[in-house]
Every structure is written in structure tokens, then in C-alpha cells.
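This is what each chain is made of:
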Amino acid sequence: MLSQIFAQLGSSFWWIILVFIVIGILKVFKPFIKGKVGELAVAVHVKLYLKDPQYILLNDCTLPDEQSGTTQIDHILLSPFGIFVIETKNYTGWIFGGERQKMWTQKIYKNSYKFQNPLHQNYKHMKVLEDVLSDIVEPEYMHSVIVFMPESEFKTAMPSNVFRGAAWTDYVKGFQDEVIPAMKLKRIKLRIEKEVLEKSWKTNRMHVENLRQRKESN
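Computed from a predicted model, the values in this text were never measured in an experiment.

*Asks:* Any chance you could explain the sheet that holds strand 1 (residues 56-65) here in plain terms?
*Replies:* Sheet strands line up and pair through hydrogen bonds in the backbone, either parallel or antiparallel. Taken in spatial order, the 5 strands line up as 1-2-3-7-9 in an open sheet, and their pairing is mixed. Edge positions in the sheet fall to strand 1 and strand 9 (162-164), since each has one partner strand and no second. Averaged over all neighbouring strand pairs, the angle between strand axes comes to 35°, with direction disregarded. In the sheet, strand 3 (residues 82-89) pairs with strand 7 (residues 142-148) via 7 bridges, with the strands oriented parallel. Each residue of the ladder has a partner; that of Glu 87, found in strand 7, is Ile 146. Contacts from helix 4 (residues 182-195) reach strand 1, strand 2 (69-79) and strand 3, with the element oriented near 50° to strand 1.

Structural data, given as C-alpha cells:
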């Protein structure tokens, strides 16, 4: 009788440990998963609303950066009409921010959280990509785009290149002058693919470590 009770308790105990382990793993990987969901949404937007085969989407591009080691770009959209460097933000709640503010605010009920102005964040990405493509394409043909998910709500006026949901695709379609010839577009794609670091856990860990060191030095 007692042995059966202890056996049942032991079985329950291991299930409890397993649940805590799973919860711990989910907490650790939550930011990564959340970011990937936002990036997937942009890829779906391209398939649905930018069907022209001239649009080429490159995802999750980690490029070497002399100043900070690496920079990670969520998406690079190549087209004859320009290059669009896209930063995705999978945030919920109210979003407050301005073009020149260093930090923006996310508010969920009574809780407020600060995060880096994504325009400033993407400016860094733009500069690194400009260096990579300096001998191929002019900087004026590169455009910064910030995409928040529809679950967020802007509570302040946003700059013209900050969007919720798929609205960013209308902005992209507003560029209709063909400024990058087809052959040059192929060179740009090949150059980025040559420079981008291999997609792996090692690359992600290296980038996260570079971010940590950058924060500590500031």
C-alpha cells in the first residue's frame, strides 16, 4: 500500500519537475520565438501583397560590423525600385514614440516598458548595409521601414515609415521608378549572400553577446 502511494507521489513529482523545466525553457526562448513570429508575418505580407517576382526578400541577415562585431537585420527587400531595410517589432499594447526620441514606450494596462527607438536601431542596420554595398548602389535608394504587429496600437503620431500590420506594403508599392537595373540587383543579392554570416545558433549567440557587451559599454 505504502509503496503504491510513494510510487504515485514519485510519478507526480517528476511531472511537476518536467512542467517547471518546460516553463523555464519557454521563458528563455520567448523573446526569440516572439521575434520569429513577427518576422514570419512580414514574409507572409510579401507573398500576399508584393507578388511581383521582382521583389526578393532576404530574412534574418547577420552581417559583420567593424564597430560592434555584428548587426542583425530582420529583412532586406530587394527590388528595382529600391532596397528596403525592415525592422519588425512584435509588440502588443499601446506604443508611444517620436522620430527623435532615444527611447519609445510600450504600455500594457498599468505597466510601461522602455525600448530603443526602432528608427535609430534600423539606422545602424542601414549604415552597415550601405558599407557592404557601397560600390554597387547609392544610399538614396535604400529605405528604412519599421513594422509593428497589428496587436499594437500607436498612441502618438508616427513617422511616415513606421507601420502596423501589412500597411508597410503600400508604402513600398509607392516607389515605382526603376532605379536599380536587373543585373545590378543580382549583384546586390550575391554580395549580401556572400557577406551574411551563416544562420546558426552559434551566429545568434555571437550576436547576443555583442549586444550585451555594447550595452555594458554604454
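Okay, back to it.
*Asks:* How should the pattern of salt bridges be read in this particular structure?
*Replies:* Across all of its chains, the model carries 7 salt bridges by this definition. For the salt bridge of Lys 89 with Glu 87, the shortest nitrogen-to-oxygen distance reads 3.3 Å. Judged by relative accessible area, Glu 87 falls into the buried class, the value being 4%. Between Lys 189 and Glu 193 there is a salt bridge, with the nearest N and O atoms lying 2.6 Å from each other. In this pair, Lys 189 and Glu 193 are both assigned in helix 4, 4 residues apart and thus about one turn of the helix distant. Judged by relative accessible area, which is 38%, Glu 193 ranks as partly exposed.

Cut-offs applied
- Residues numbered from 1 in each chain as written.
- Predicted model: local features only at pLDDT ≥ 70, side-chain atom pairs only at ≥ 80, totals over all residues.
- Heavy atoms only, no water.
- Pairing = 2+ DSSP bridges.
- Helix = DSSP H or I, 4+ residues; strand = E, 2+ residues; numbered from the N terminus.
- Axes fitted to C-alpha atoms, helices over the stretch in contact; angles between N-to-C directions.
- Contact = heavy atoms within 4.5 Å.
- Salt bridge = Lys/Arg side-chain N within 4 Å of Asp/Glu carboxyl O.
- Buried < 20%, exposed > 50% of the residue type's maximum accessible area, 1.4 Å probe, protein only.

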